[in-house]
Amino acid sequence: MKGDRVEIVIDAGGTPRTYEVVATKAGRRVEVDTRRGLVEVSEVTRSGTPVRTARFMASRILALVEHPASDRPELDALDEPSGARP
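Residues numbered from 1 in each chain as written. Predicted model: local features only at pLDDT ≥ 70, side-chain atom pairs only at ≥ 80, totals over all residues. Heavy atoms only, no water.

We now examine the overall build of the protein chain. For the protein chain, the count of helices and strands is one helix and six strands. Counting from the amino terminus, the protein chain carries its helices and strands in the arrangement β-β-β-β-β-β-α. Burial statistics for the protein chain: of 86 residues in total, 26% are counted as buried. Total accessible area on the protein chain stands at roughly 6,100 Å², and carbon and sulfur atoms take up 51% of it. (Helix = DSSP H or I, 4+ residues; strand = E, 2+ residues; numbered from the N terminus. Buried < 20%, exposed > 50% of the residue type's maximum accessible area, 1.4 Å probe, protein only. Areas by Shrake-Rupley, 256 points an atom, 1.4 Å probe, with all protein chains shown as cover.)

Right, dumping it as structure tokens:
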């Protein structure tokens, strides 16, 4: 569903790096597959065709967070990180 996103934090030799895969158009979704020491995060169409794929070694992943899109778009805007934190 448009707005779905998966955030991946990996260990890049001492410093963590963050990657994000987002369902960018209506009808697309984000799928996560784990196989043989690899984690594959893909944005796929309604028919299941992958549009973009990111692969990470499972041993390097520090965190993998799925952010599902809500049924109400105004709630997604509240979930976005703001520039200033209190």
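Having put the structure on the table, let's press on.
Let's shift gears to the packing of aromatic side chains. What the rule picks out here adds up to one aromatic pair. Ring centres of Y19 and F56 lie 5.5 Å apart, and the angle between their planes is 45°; on these two criteria the pair is classed as tilted. Here Y19 is found in strand β2 (residues 16-22), whereas its partner F56 is found in strand β5 (residues 50-57), with 37 residues between them in sequence. Classification of Y19 by relative accessible area gives partly exposed; the value is 32%. The exposure class of F56 is buried, given its relative accessible area of 9%. (Phe/Tyr/Trp six-rings, centres within 6.5 Å; stacked < 30°, edge-to-face > 60°.)

This next bit is on the sheet that holds β5. The three strands are arranged β3-β4-β5 in an open sheet whose pairing can be described as antiparallel. Two strands in the sheet have a free side with no partner beyond their single neighbour: β3 (29-35) and β5. For this sheet, the mean angle separating the axes of adjacent strands, direction not counted, is 20°. Of the strand pairs in this sheet, β3 and strand β4 (residues 38-44) are connected by seven bridges, and their pairing is antiparallel. Looking at β4, one finds that T34 is bridged to V39. (Pairing = 2+ DSSP bridges. Axes fitted to C-alpha atoms, helices over the stretch in contact; angles between N-to-C directions.)

Let us now look at unusual backbone geometry. Peptide bonds are mostly trans, and most non-glycine residues show a negative phi. Even without being a glycine, R36 presents a positive backbone phi close to 45°. Along the chain, R36 turns up in the loop between β3 and β4.

Another point: the pattern of salt bridges. With the rule as written, the count across this model stands at eight salt bridges. D33 serves as the salt-bridge partner of R35, at 3.4 Å between the closest nitrogen and oxygen. Overall, the relative accessible area of 28% leaves D33 in the partly exposed class. The closest approach of N and O atoms between E43 and R52, which form a salt bridge, is 3.2 Å. Taken together, the shared-partner salt bridges connect D33, R35, E40 and R55 into one network. (Salt bridge = Lys/Arg side-chain N within 4 Å of Asp/Glu carboxyl O.)

Here we take up the pairing of strand β1 (residues 5-11). Within β1, five of the seven residues are buried, leaving the element largely enclosed by the surrounding structure. In this sheet, β2 lies alongside β1 in antiparallel orientation, the contact comprising seven bridges. Across the sheet, residue D11 finds its bridge partner in β2, namely P16. Connecting β1 to the antiparallel partner β2 that follows it, the hairpin turn spans four residues, and G13 within it adopts a positive phi of roughly 75°. In terms of strand pairing, β1 meets strand β6 (residues 61-67) through six bridges, oriented antiparallel.

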